[in-house]
Amino acid sequence: MNASLDSFKYDDAIVRKFLVATFVWGLVGMLVGLFIALQLAVPSFNVAPFLTFGRLRPLHTNAVIFAFAGNAFFTGCYYSSQRLLKARMFSDLLSRLHFWGWQLIIVSAAVTLPLGFTQAKEYAELEWPIDIMIAVVWVIFAVNFFGTIAKRRERHLYVALWFYIASIITVAILHIFNNLSIPVGPLKSYSIYAGVQDAFMQWWYGHNAVAFFLTTPFLGLMYYFMPKAANKPVYSYRLSIVHFWTLVFMYIWAGPHHLHYTALPEWASTLGMVFSVMLWMPSWGGMINGLLTLRGAWHKVVEDPVLKFFVVAVTAYGMATFEGPMLSIKSVNALAHYTDWIIAHVHTGALGWNGFLTFGMIYWLLPRLFQTKLYSTKLAELHFWLATFGMILYAVAIYSAGLTQGLMWRAFDETGRLQFPDFIETTMKLMPMYWVRAVGGGLYIIGMLLFGWNILKTWAARPKVYDEPVIQAAPLKVQAHKPEPSLHRRWEGLPLVFSLLTALAVIVASLFEIIPTFLIRTNIPTIASVKPYTPLELAGRDLYIREGCFNCHSQMIRPFRYETERYGEYSKPGESVYDHPFLWGSRRIGPDLAREGGKYPDLWHVRHMQDPRSITQKSIMPPYPGLLTSTIDFAGIQKRVDVMAMLGVPYGDAVTQKKAAEMAKAQAKEMAAGIAAQGGPAGLEDKEITALVAYLQRLGQDIKQATGVAHHAAPADGGM
Amino acid sequence: MSTPRDEDRLLDHQYDEIQEYDNPTPGWWTWIFVATILWGALYFFNVIPGIGTGKGRVANYESEMAAAKAKYGEAQAPKQASAADAASVLASLHDPAALAAGKEIFTTNCVSCHRADLGGQIGPNLTDDFWIHGNKPQEILTTIVNGVPDKGMPTWSAVLKGDQLAKAAAYVISMHGTHPVAPKEPQGVKLEWAASSEPGASEHAHGMENHENGEKH
């Protein structure tokens, strides 16, 4: 034995844990997805308040992104990093803390989201205590990961590790800055940003969460597992370098493409668009390197389900990253935004890229981790075909739904009027496609069940005691220093420099957009008639948030004739200056509500909320009869108003004289009397419905009073 | 010295047995990448007409609106229903198919406020003799066309098309004098039933309509 060699073992027990969690949460997340898909086709599936679409949709997205894809990334990351670095994880304790901490976060999410605790920001819905937990667990993961790098026995970092580093650093930055908020209660907070700035921060986060949680980690996994499974060298080291750095530097800028034609300043949206288009080739670099690695191994693809999954995953990645830049082109976006097209786009990514890559990776890992043969290759093969077919059905249905919706919303007849002025007409057209989507999703889930069976049976055949081979490698300090052929090669041996460069790329790019958005006053011209919500309206707004109405309703009218004809004057930046958080929404399953105020009498809303189908026969909106019986938390209103005032919302008397509750009660009493006088139910003066209706009736009212000024609001004092 | 597969030169490092080729980035990849960067810069700086944001989204919107106005006229202005419109309401009154269509339109759009039997709830009872905005066919049609947005009666000209409006109005008129259970208390002023005083409608025809509907309930 060579005395200068270290002997050590890899920790595969932690990998097995993450693997099982990946499957379990994947199944849960997808079942929730199927359930909410069915709710859109059969609204009576909204059986209880905590099972309504508005509350469950974030549960689905969070479960699939953070629980399924998250655990999948950790599985592959813990397996591959140890081997690529020739070292056991830095600390077994930190590995366990990471594992159990992450599962605890998921469980907290699964409890709080259906209960209506949400920050109303997509993929950042979880409330502040859970956000803190996420930050802590992420730091634990980072320490463990970078600690392993520190004690590595391989001087240079392989490309997979670059992608892991970029992901870990960037996710931390994104998570912290988007979630800055001031708590109002144990599970309630207000974002420190408002309106345009909040929207900007959210989509800076939202877009890059897709980038650095669903793309770069999985590219890292691909770079390890693809050449392993194919037993072929990676196609091009140089392409890896170029596409890694261009991705890291350019991804960050693209966020504003989620806000085209909204009240976000136009320069920001243009910047987001051009960077998205420039991102096309850097993204495809990964696809090329993946697919070309298979040159000369295509005959293996025929026999090996692992490679089959990988091929479809990389292809789906290529399609999604072509479609992304395309969707960010403004004119295409105008058609697709708010429609199911976007849902189709993310599912190409989630089902195809993340799902298939995970399946392939796990099928490859199963025999290695459980040290026995895979229970059934045939079942894996069947899983592959079910998932592929399910995904195709899903995609065909939802792409058609998106296009149909987009085209119907903008159709004018020969007299120049909207051809489908009744919103629900455009919804009914989608019903058949919603059913096909549900069938496609169902097939994908059946595939998941076969997958689970295969995992279970393989696990059952494991040896009594796992064989843990002893690995031998020379520590870095005794390894000979060879001259580095290039600068980049040198960086690969200097993880600290490498990480700092990555962080710098991300931070510099972010600041280029963030600084002007926050500092240039003319970006958000104030409108004198825009006033803060009354305390009662604010309470109603919080109910709107609690129920997740923003998952179906936007509050952002774009400057197109077909939008203003349907909804009224387009939305201005100055209108949402007091909106902590912003509620512009990203999807229109129901109509936009930015100008809802005054459109109908109060009683109409009461009846509609109680049972939407008694008003609009074919509505697919969930009923909220509970709001007519649950009482407003008047005692809590003062605190909410105080926090808003702290964030700079001019509340005057309501704060200095502590009058918020009193004001809310007075307004509720007056409204309740009006509702009773119209022939509605009596005694609503302390019921939540009154607060919610007060909020709905306020929407868009301020700007109506300022007609004339509305068109060109002068960039007056007070840019924020 | 060139080997047969020159492009597939293996680099002399390996990680957990993974090797890498030293292949260059594909040419088409590089060129498309460069092209998108050039295009991106041009677009952002908006200097060449046709590549860029042009005059900007607000200016584009305003010209879109102006073009529509030039083509279709001012759509939003409240309209007074004309005598000819009123005549088509009266014509519909005698056309069972048109009345059936009117009922259909009413069921989809109006029952949420006026109830299926027109007895009124959020909106007033439409079967009694009390009217806020007048009971002549022309007046009823005008109310439906323009709505009373401040009072919660929507502007239906934005949703319903020409003859649909007349059919809805005809259906409302045809239901006058029916007796819904538990109607809303009267609103507006009591008016003589005036539908028949319009050209084209005879006392007889009106009486008949009333009668028929009375029997239905």
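Residues numbered from 1 in each chain as written. Chains lettered and ligands numbered in written order. Predicted model: local features only at pLDDT ≥ 70, side-chain atom pairs only at ≥ 80, totals over all residues. Heavy atoms only, no water.

> Outline the overall build of chain B, listing residues and values.
Counting its regular elements, chain B contains 8 helices and 4 strands. Ordered by position in the sequence, the α and β elements of chain B form the string β-β-α-α-α-α-α-β-α-α-β-α. For chain B, the proportion of its 217 residues judged to be buried stands at 42%. By sequence separation, contacts in chain B at least 24 residues apart represent 61% of the contacts at least 6 residues apart. Only carbon and sulfur atoms are counted for the fraction: they give 60% of the accessible area of chain B, which is about 11,900 Å². (Helix = DSSP H or I, 4+ residues; strand = E, 2+ residues; numbered from the N terminus. Buried < 20%, exposed > 50% of the residue type's maximum accessible area, 1.4 Å probe, protein only. Contact = heavy atoms within 4.5 Å. Areas by Shrake-Rupley, 256 points an atom, 1.4 Å probe, with all protein chains shown as cover.)

> Could you give an account of the pattern of salt bridges, naming the residues involved and the relevant values?
Under the counting rule described, the total for this entry stands at 37 salt bridges over all chains. Lys9 of chain A is the partner of Glu468 of chain A in a salt bridge, and the nearest nitrogen-oxygen pair spans 4.0 Å. With Glu468 of chain A in the loop between helix 16 (431–460) and strand 4 (471–473) and Lys9 of chain A in the loop between strand 1 (6–8) and helix 1 (13–41), this pair connects stretches of sequence that are 459 residues apart. Relative accessible area serves as the criterion here: at 41%, Glu468 of chain A is assigned to the partly exposed category. Between Asp16 of chain B and Lys228 of chain A there is a salt bridge, and its shortest N-O distance comes to 3.4 Å. Remark: Lys228 of chain A occurs in helix 6 (residues 195–230) and Asp16 of chain B occurs in the loop between strand 1 (10–15) and strand 2 (18–21); the pair is interchain, linking two chains. One continuous salt-bridge network, built from bridges that share partners, spans Arg55, Arg546, Glu547 and Glu688 of chain A. (Salt bridge = Lys/Arg side-chain N within 4 Å of Asp/Glu carboxyl O.)

> Lay out the interface of chain B and chain A with the relevant residues and their values.
Buried accessible area, meaning the area lost when the parts come together, often serves as the stated size of an interface. With 57 residues of chain B at the interface, the matching set in chain A holds 73 residues. Around 5,500 Å² of area is buried between chain B and chain A when both sides are counted, 61% of it from carbon and sulfur atoms. Looking only at chain B, the three residues that lose the most surface to chain A are Tyr15, Trp29 and Arg57 of chain B, adding up to 15% of its buried area. Linking chain B to chain A there are 4 salt bridges. Inspection of the region where chain B meets chain A yields 21 residue pairs in polar contact (both at pLDDT 80 or more). Listing elements by their share of the side of chain B that touches chain A, those giving two or more residues are strand 1, strand 2, helix 1 (27–45), helix 2 (57–72), helix 4 (96–109) and helix 5 (111–114) of chain B. For the side of chain B that touches chain A, the leading source of residues is helix 1 of chain B, giving 10 residues. Its residues assigned to classes, the side of chain B that touches chain A comprises 27 nonpolar, 18 polar and 12 charged. (Buried area = accessible area lost by both parts, 1.4 Å probe. Polar contact = N/O pair within 3.5 Å; in protein donor to acceptor, adjacent residues only side chain to side chain. Nonpolar A, V, L, I, M, F, W, Y, C, P; charged D, E, K, R; others polar.)

> I'd like a rundown of the packing of helix 5 (residues 159–178) of chain A against helix 7 (residues 237–251) of chain A, residues and numbers included.
Residues and elements named next belong to chain A. Contact geometry for helix 5 and helix 7: axes closest at 11 Å, N-to-C directions at 5°. What the angle tells us is that helix 5 and helix 7 run roughly parallel. Counted together, Val159, Trp162, Phe163 and Ala166 of helix 5 and Tyr237, Ser240, Ile241, His243, Phe244, Leu247 and Val248 of helix 7 form the full contact between these two elements. Residue composition of the contact of helix 5 with helix 7, by class: 9 nonpolar, 2 polar and no charged. (Axes fitted to C-alpha atoms, helices over the stretch in contact; angles between N-to-C directions. Parallel < 35°, antiparallel > 145°, perpendicular 65-115°, else oblique.)

By themselves these figures say nothing about function.
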